[in-house]
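Coordinates in review
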Amino acid sequence: MEDTRSVASLMDSTSSKIQQLQKAFAELESQCAVTFNLKWNELEEHFHGLERSLKRRFHELEDQEKEYETKTRKAQELLEKKKAAVEAKEKASLERLQKKRDAAVFAINTALDKYNNNNAPNISAKAFAAEDENLDGTVQDAEISPVKAYPELVKLCEDMDSAGLHKFVSDNRKNLALLKEEIPVALKAAANPASLVLDSLEGFYPTTTDGKKDANLLGMRRTCIMLMECLSVLLSGLDSNSLVAVLSEDVKDRAKGVAEGWSPLLETIDMDAGNGNSLEAHAFLQLLATFGIVSEFEEDGILKLIPMVSRRRQAAELCRSLGLSEKMPGVIEVLVDSGKQIDAVNLAFAFGLTEKFPPVELLKCYLTETSRSSSQGNASPAVQAIICVPMQDDFNERELTGLKAVIKCVEEHNLEEQYPVEPLHKRILQLEKTKAEKKRATEPTKPQTKRPRGPQPRVTDNNNKTGYGRVIPERYPQYLYDNRQFLSGPIMAAQAPPPQTYTFSPAAAHGNFYGNCYQYQAPPYFH
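Everything in this summary refers to the structure shown in the same document.

About the cut-offs
Residues numbered from 1 in each chain as written. Predicted model: local features only at pLDDT ≥ 70, side-chain atom pairs only at ≥ 80, totals over all residues. Heavy atoms only, no water. Helix = DSSP H or I, 4+ residues; strand = E, 2+ residues; numbered from the N terminus. Buried < 20%, exposed > 50% of the residue type's maximum accessible area, 1.4 Å probe, protein only. Contact = heavy atoms within 4.5 Å. Areas by Shrake-Rupley, 256 points an atom, 1.4 Å probe, with all protein chains shown as cover. Phe/Tyr/Trp six-rings, centres within 6.5 Å; stacked < 30°, edge-to-face > 60°. Lys NZ or Arg CZ within 6 Å of the ring centre and 35° of its normal. Axes fitted to C-alpha atoms, helices over the stretch in contact; angles between N-to-C directions. Parallel < 35°, antiparallel > 145°, perpendicular 65-115°, else oblique. Left-handed = near helix turned anticlockwise from the far one by under 90°. Arc of directions from axis to C-beta. Polar contact = N/O pair within 3.5 Å; in protein donor to acceptor, adjacent residues only side chain to side chain. Patch = residues over 30% accessible without salt bridge, like charges linked within 9 Å, V, L, I, M, F, W, Y side chains within 5 Å. Salt bridge = Lys/Arg side-chain N within 4 Å of Asp/Glu carboxyl O. Lys, Arg positive; Asp, Glu negative; His and termini not counted. Charge placed at Lys NZ, Arg CZ, Asp CG, Glu CD. Expected span 1.5 Å × (residues − 1).

1. A closer look at the overall build of the chain
Within the chain, the regular secondary structure consists of 20 helices and 2 strands. Residues counted as buried form 28% of the 527 residues belonging to the chain. A separation of at least 24 residues holds for 67% of the contacts in the chain among residues at least 6 apart in sequence. As presented, the chain carries roughly 37,300 Å² of accessible surface, and 54% of it is formed by carbon and sulfur atoms.

This is how it looks when you write it as structure tokens:
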């Protein structure tokens with residue numbers, strides 16, 4: 001409104017401004033020797049026209065402003081009415097919900113009172129039974145949660161059947177996620193869950209089979225690790241008294257004996273340790289974490305095993321269980337120095353060390369190393385003559401695997417804005433194209449059977465149902481110029497001289513014999 005008033009006051013003062021301008025124009029015209037082509041009446045008419053158009057536009061804007069204010073006021077009133085209606089409905093809904101809630105709570109309390117009055121002796125008996133069993137190392141729970149999908153697990157745990165438990169897990173590995181949820185519940189039914197899991201570790205290092213090649217042994221080792229993880233889940237939900245009862249000193253001494261037997265064998269583990277995916281090292285560390293015997297072994301020896309399991313999914317949680325959270329900066333530095341930048345990035349995110357170990361820089365360094373090794377496979381022909389073809393393929397495959405691993409790491413940790421993956425996808429397509437071309441070039445070509453030329457004899461085949469003769473090509477076709485009639489005839493006979501025959505008398509000592517001791521008659525010879 002203030003702007004409108006100021007504009008209106010300025011428009012009212014235009015008349016006085018025009019009069020002042022008229023006086024100035026007349027004074028200028030009187031003092032100037034040259035006459036102007038423009039008269040004051042024309043200027044005055046022009047200014048009055050501008051004044052009228054400005055006033056007309058100003059009044060139009062005032063009308064539009066009033067109309068807008070009217071519409072705004074009406075919309076505000078309508079909005080307030082709707083808001084009041086919504087608040088009234090919300091209040092009514094809350095009142096109805098409160099009534100239903102009060103009725104439900106009353107019904108539940110009534111049902112609980114009836115249930116407690118009817119089953120009070122049974123509950124007390126279960127409580128006393130749980131206390132008695134807790135002295136033997138079982139889980140102190142009044143009730144055991146039911147196992148819905150696999151009730152056989154409860155039976156196997158009750159019978160302390162470690163071999164049967166192993167077989168059941170191996171037969172149902174397709175539903176591994178469901179097994180991990182139900183095994184901790186089923187272990188509550190065991191008389192001693194910790195002893196059952198220790199029994200399942202027998203045969204982890206067999207003496208008769210080759211552990212590096214036996215697929216069944218690898219599956220059994222994975223099952224052992226999973227059972228120890230499930231036992232850890234069970235122990236994490238127990239109170240201090242129940243935990244001491246389950247992990248008794250006898251159980252810890254037995255677990256320590258198993259760990260001491262495994263420790264020397266870790267020096268001879270397979271090449272998966274170099275890749276950070278060693279089952280043997282994972283099982284050893286999980287054994288220490290599950291049974292709480294980490295303090296019985298040297299910390300430096302445990303830290304040396306972490307790079308052997310750095311690529312496994314449970315690496316971060318395993319380090320926390322072992323109490324190595326403060327040592328992780330040193331572990332990550334070892335991984336970076338050994339060329340395991342992706343594992344270092346995963347652990348840096350897990351322990352909040354991304355400021356000290358920037359993920360993007362580590363991933364770029366990893367790709368630089370893999371691309372440098374791949375450039376050896378794509379060297380000049382002189383260099384490729386020295387490097388064998390399988391080694392070149394290995395370089396390209398290594399870079400291809402590295403690119404896919406970096407893309408997966410970027411997507412898992414949401415680093416797309418800091419590290420775009422489109423160039424990496426293009427490089428993958430290029431490497432896959434090169435790989436396919438090399439594969440087509442090295443594949444042996446199949447020989448094509450040539451169809452024999454010329455007419456072929458046809459023979460009747462009794463098994464041929466088509467009614468046409470079957471063409472059998474001759475293995476040795478007849479020479480086309482064997483029948484040479486041009487060598488015979490009266491002209492050739494007249495020109496050819498008569499043949500002269502000679503007879504040879506063989507030596508008396510030898511006679512006419514071939515090399516195979518068969519006798520023969522000497523033919524006549526022609527000149």
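2. Regarding the side chain of His166
Along the chain, the position of His166 falls in helix H5 (residues 162-171). When sequence neighbours within four positions are dropped, the list of residues in contact with His166 reads Ser200, Met220, Thr223, Cys224 and Leu227.

3. Describing the packing of aromatic side chains
As enumerated under the stated definition, the model contains 5 aromatic pairs in all. With centroids separated by 5.4 Å and ring planes inclined at 85°, the aromatic side chains of Tyr150 and Phe168 adopt a geometry described as edge-to-face. Placement of Tyr150 in the loop between helix H3 (40-134) and helix H4 (152-158) and of Phe168 in helix H5 is noted, with a sequence separation of 18 residues between them. As far as burial versus exposure is concerned, Tyr150 and Phe168 are alike and both buried. Of the aromatic side chains, those joined through ring pairs into one cluster are Phe204, Tyr205 and Trp262. Over the face of the ring belonging to Phe204 we find Arg221, whose NZ or CZ atom lies 5.0 Å from the ring centre. One residue, Arg221, lies across the ring of Tyr205, its end atom 5.2 Å from the ring centre.

4. Some points on the packing of H5 against helix H8 (residues 215-236)
At a closest axis distance of 10 Å, the pairing of H5 and H8 adopts a crossing angle of 105°. Classified by the angle between their axes, H5 and H8 sit roughly perpendicular to one another. Between H5 and H8, the contacting residues are Leu165, His166, Val169 and Ser170 on the first element and Met220, Thr223, Cys224, Met226 and Leu227 on the second.

5. Quick notes on unusual backbone geometry
Backbone geometry places Met160, a non-glycine residue, at a positive phi of 55°. Here Met160 lies in the loop between H4 and H5. Classification of Met160 as partly exposed rests on a relative accessible area of 25%. Located in the positive-phi region is Asn414, a residue other than glycine, with phi close to 55°. Classification of Asn414 as exposed rests on a relative accessible area of 61%.

6. Comments concerning the packing of helix H6 (residues 176-187) against H8
It is at 8 Å that the axes of H6 and H8 come closest, and there the two elements cross at 55°. Classed by the angle they form, the pair H6 and H8 counts as oblique. Our pair here, H6 against H8, has a crossing hand that is right-handed. Between H6, through Leu176, Lys180, Ile183, Pro184 and Leu187, and H8, the contact on the second element is made entirely by Met226, Leu227, Glu229, Cys230, Leu231, Val233 and Leu234.

7. A word on helix H14 (residues 328-337)
Met328, Val331, Ile332 and Leu335 are the residues of H14 that are buried. For H14, the arc enclosing every buried residue in end-on projection is 100°, short of the 170-degree limit, so these residues lie on one face. Residues of H14 that are buried sit in contact with helix H12 (299-305), helix H13 (315-321) and helix H15 (341-350). Among the residues trailing H14, Gly339 stands out with phi positive, at a value near 80°.

8. Description of the side chain of Gln314
Structurally, Gln314 is set in the loop between H12 and H13. There is a polar contact of 3.2 Å between the side chain of Gln314 and the side chain of Glu229.

9. Quick notes on a negative patch on the surface
A contiguous patch of negative charge, built from Glu411, Glu412, Glu416 and Glu417, is present on the exposed surface. Examined against the element boundaries, Glu416 turns out to sit in the loop between helix H18 (389-412) and helix H19 (422-442). Residue Glu416 is classed as partly exposed on the basis of its relative accessible area, which comes to 36%.

10. Focus: the pattern of salt bridges
Note on pairing: side chains with opposite charge can pair once their charged atoms come close. Tallied over the entire structure, the rule returns 14 salt bridges. When the shortest N-O distance is used, the salt bridge between Arg52 and Glu45 registers 3.7 Å.

11. Quick notes on helix H11 (residues 279-290)
Its 12 residues place the ends of H11 16 Å apart at the C-alpha level, agreeing with the 16 Å of an ideal helix rising 1.5 Å per residue. For H11, the tally of buried residues reaches 12 of 12 residues, placing the bulk of the element in the interior. Those residues of H11 that fall on the buried side of the exposure criterion are Leu279, Glu280, Ala281, His282, Ala283, Phe284, Leu285, Gln286, Leu287, Leu288, Ala289 and Thr290. Two residues or fewer after H11 comes Gly292, characterised by a positive phi angle close to 65°.

12. Topic: the environment of Ala189
Among the structural elements, Ala189 can be located in the loop between H6 and helix H7 (193-200). Separated by 30 residues in the primary sequence, Ala189 and Asp159 have C-alpha atoms spaced 9.1 Å apart.

13. Section: the environment of Asp199
On the secondary structure map, Asp199 appears in helix H7. Spatially, the C-alpha atoms of Asp199 and Ser162 are 6.1 Å apart, while their sequence positions differ by 37 residues. When residues no more than four places from it in sequence are discounted, the contact partners of Asp199 are Ser162 and Arg254.

14. Brief notes about the environment of Ala405
Along the polypeptide, Ala405 turns up in helix H18. Using a relative accessible area of 26% as the deciding quantity, one classes Ala405 as partly exposed. Separated by 38 residues in the primary sequence, Ala405 and Leu367 have C-alpha atoms spaced 9.8 Å apart.

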